[in-house]
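# Close look at the chain arrangement
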Amino acid sequence: MDIFSKIAAGEIPSYKCAENDEFYAFLDINPLVKGHTLVIPRREVDYFFDMDDDELARYQKFAKQVAIAIKKAFPCRKVAQIVLGLEVAHAHIHLIPMQSEADADFRREKLKLSEEEFKEIAAKIQKEFEG
């Protein structure tokens, strides 16, 4: 079981923002901006495009619902969707609230947030998602 599967199963703590039977969304622990969220399938699949069309469509629909919640919780011009990352062999989408494209630059310094800040951010997104 990879690290993201352990997070989705609750074996490793995370700051949950949204979930259903197939997908799980949680805060990136090295965020570019407040509200930077990862969306993963619960099923272990390494490559985004290895998913069949129906699963990929459901994944995108779930990510869209999370993005809408993020935009409500953290008003921004757009929520970027980025499929990037080779360090974890588990498909994942980054959802990043943006005021400018610089907000989605992975070369920039990451935010240092307290546990309390992470909890508040996740609760805001979860409230909007469930709302």
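The structure reproduced in this document is the subject of the present report. If you're wondering where the values come from, they're calculated on a predicted model, not measured in any experiment.

Secondary structure assignment for the chain yields 3 helices and 5 strands. Going from the N terminus to the C terminus, the chain shows its helices and strands as α-β-β-β-α-β-β-α. Taken against the 2.2 N^0.38 rule, which gives 14 Å for 131 residues, the C-alpha radius of gyration of the chain at 14 Å falls within 12% of a compact globule. If you line up the chain on its principal axes, its C-alpha atoms span 35 × 30 × 30 Å.

Looking now at the nonpolar core. Counting residues in hydrophobic clusters, the biggest one holds 27 residues, and the most contacted among them are Val39, Tyr59, Val66 and Ile125. Secondary-structure elements contributing two or more residues to this core are β1 (16-19), β2 (23-27), α2 (53-73), β5 (93-98) and α3 (115-130). Here this core gets 9 residues from one element, more than from any other, and that element is α2. Leave out the neighbours within four places in its chain, and Tyr59 touches Phe23, Val39, Ile40, Pro41, Phe48, Met51, Ala91, His92 and Ile93. Formed by 8 residues, the second largest nonpolar core is a distinct cluster that contains Phe4, Ile7, Tyr24 and Phe26.

Moving on, we come to the pattern of salt bridges. Applying the stated criterion across every chain, the model contains 8 salt bridges. For Asp105, the salt bridge is made with Arg107, and the minimal N-O distance between the two is 3.1 Å. Residue classification places Asp105 among the partly exposed positions, given a relative accessible area of 26%. In this structure, Glu115 and Lys119 form a salt bridge, with 3.3 Å as the shortest nitrogen-oxygen distance. Here Glu115 pairs with Lys119, and both are found in helix α3, just 4 residues apart, close to one helical turn. Bridged by salt links that share partners, the residues Lys16, Glu19 and Arg42 form one connected network.

The rules behind the values
- Residues numbered from 1 in each chain as written.
- Predicted model: local features only at pLDDT ≥ 70, side-chain atom pairs only at ≥ 80, totals over all residues.
- Heavy atoms only, no water.
- Helix = DSSP H or I, 4+ residues; strand = E, 2+ residues; numbered from the N terminus.
- Rg over C-alpha atoms; globule rule 2.2 N^0.38 Å.
- Core = buried A, V, L, I, M, F, W, Y, C linked by side-chain atoms within 4.5 Å.
- Buried < 20%, exposed > 50% of the residue type's maximum accessible area, 1.4 Å probe, protein only.
- Contact = heavy atoms within 4.5 Å.
- Salt bridge = Lys/Arg side-chain N within 4 Å of Asp/Glu carboxyl O.

It is worth stressing that arrangement in space is one thing and function is another; only the former is reported here.
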